[in-house]
Amino acid sequence: MILVIGGYAAGKRQYVRDSLGYSDGQMSNQITDDVPVFYGLETQPDTPLEQLLQKDVVICDEIGGGLVPMEKDERQRRERVGRLCVALAREATQVIRVVCGIGQVIKG
Amino acid sequence: MTHLVIGGSASGKSTFAESIVSRLPGPRYYIATMEPWDAECRARIEKHRRQRAHLGFETVEHYGDLQSLVLLRRGTVLLECMGNLTANVLFGSQKVDNPLPAVQRGLESLIGQCDNLVVVTNDVFADGRTYDDSTMAYLDLLAALNRHMAARFDHVFEVVCGIPLCRKGELP
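Residues numbered from 1 in each chain as written. Chains lettered and ligands numbered in written order. Predicted model: local features only at pLDDT ≥ 70, side-chain atom pairs only at ≥ 80, totals over all residues. Heavy atoms only, no water.

Visitor: Just checking my understanding: could you explain the overall build of chain A for this structure?
Guide: Counting secondary structure elements, chain A contains 3 helices and 6 strands. Start at the N end of chain A and walk to the C end: the helices and strands fall as β-α-β-β-α-β-α-β-β. Against the 2.2 N^0.38 benchmark of 13 Å for 108 residues, chain A shows a C-alpha radius of gyration of 13 Å, consistent with a compact globule. Counting only residues that meet the buried cut, chain A has 47% of its 108 residues in that class. (Helix = DSSP H or I, 4+ residues; strand = E, 2+ residues; numbered from the N terminus. Rg over C-alpha atoms; globule rule 2.2 N^0.38 Å. Buried < 20%, exposed > 50% of the residue type's maximum accessible area, 1.4 Å probe, protein only.)

Visitor: How do you make sense of the packing of helix α3 (residues 82–91) of chain B against helix α4 (residues 99–113) of chain B when you look at a structure like this?
Guide: To describe two helices that pack against each other, one gives the angle between their axes and the distance between the axes. Residues and elements named next belong to chain B. Contact geometry of α3 with α4 gives a least axis separation of 10 Å together with a crossing angle of 130°. When the axis of α3 is compared with that of α4, the two are oblique. As for the relative orientation of α3 and α4, their crossing is right-handed in sense. Contact with α3, carried on its side by Met82, Leu85, Val89 and Leu90, involves Pro99, Val103 and Leu107 of α4 and no other residues of that element. Residues belonging to the contact of α3 with α4 are distributed by class as follows: 7 nonpolar, no polar and no charged. (Axes fitted to C-alpha atoms, helices over the stretch in contact; angles between N-to-C directions. Parallel < 35°, antiparallel > 145°, perpendicular 65-115°, else oblique. Left-handed = near helix turned anticlockwise from the far one by under 90°. Contact = heavy atoms within 4.5 Å. Nonpolar A, V, L, I, M, F, W, Y, C, P; charged D, E, K, R; others polar.)

Visitor: When you look at the interface of chain A and chain B in this model, what are you seeing that I'm missing?
Guide: Of the residues lining the interface, 20 residues belong to chain A; the matching set on chain B comes to 24 residues. Around 1600 Å² of area is buried between chain A and chain B when both sides are counted, 58% of it from carbon and sulfur atoms. It is Gly65(A), Leu67(A) and Ile106(A) that lose the most area in chain A upon contact with chain B, and together they represent 33% of the buried surface on that side. Counting the contacts that link chain A with chain B gives 4 salt bridges. Linking Arg75(A) and Glu40(B) is a salt bridge whose minimum nitrogen-to-oxygen distance equals 2.8 Å. Scanning the region where chain A abuts chain B turns up 7 residue pairs in polar contact (both at pLDDT 80 or more). At the level of elements, β1 (2–6), α3 (72–91), β5 (94–99) and β6 (102–107) of chain A are the ones that each hand at least two residues to the side of chain A that touches chain B. When residues in the side of chain A that touches chain B are grouped by element, the largest group, 9 residues, is from α3(A). Residue composition of the side of chain A that touches chain B, grouped by class: 8 nonpolar, 4 polar and 8 charged. (Buried area = accessible area lost by both parts, 1.4 Å probe. Salt bridge = Lys/Arg side-chain N within 4 Å of Asp/Glu carboxyl O. Polar contact = N/O pair within 3.5 Å; in protein donor to acceptor, adjacent residues only side chain to side chain.)

Shown next as structure tokens:
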């Protein structure tokens, strides 16, 4: 599994298309869809790790770079997304961070 | 040696900082900066305490600018975290008038009292929002301290999804 992370609209899916060779039809933000690429993990922090590990590529926004949110739900979502990404990165064969559409391999 | 560890929330920065400390000699001091305001803070403090229990830290609670902090022996210090310390000196019970030079002096005092210092700090600057004046003052002060420490310290690491990226110096 390859984990692709980066800020909102950083060009992550375009990177997965252009550099990893997956088509739009192979990407979905529904974990249950039978396609190799899952994106939008930042809004679905309760997705089970085992299901994520079965994908070829998981794409997630980096959302931990702001001030602590005032709302408890938002604090918990941010915490869960962060912890899930740490766990995914540990298992991933490769972790790629995308900045302005440019991918940097930070693991693997 | 001085080490700065920066990362976003839940990026794995504490775990990485602890892994640096685990290679360094004792005695090990953990400078806890979070004032236990409510149950959520206390739960967080307790979680971190359990996470580092195996490293044999002596915990020193300090909520101020570090200038009055006295360590009994030289050793390795983990200060966690600059984000809390910044809030404390601006808004907390240990508020000071000129916080930037005060904390800079406090850091020098601490560096002078130990052989190794690891400071964990927070990347909180990337949500693209503008806040009220006091929150912007907080962001400006923490950013100034981060820049100061990055220039002053030997090693700087950014942690992303638990992966340390070396920004200055070298990985342990």
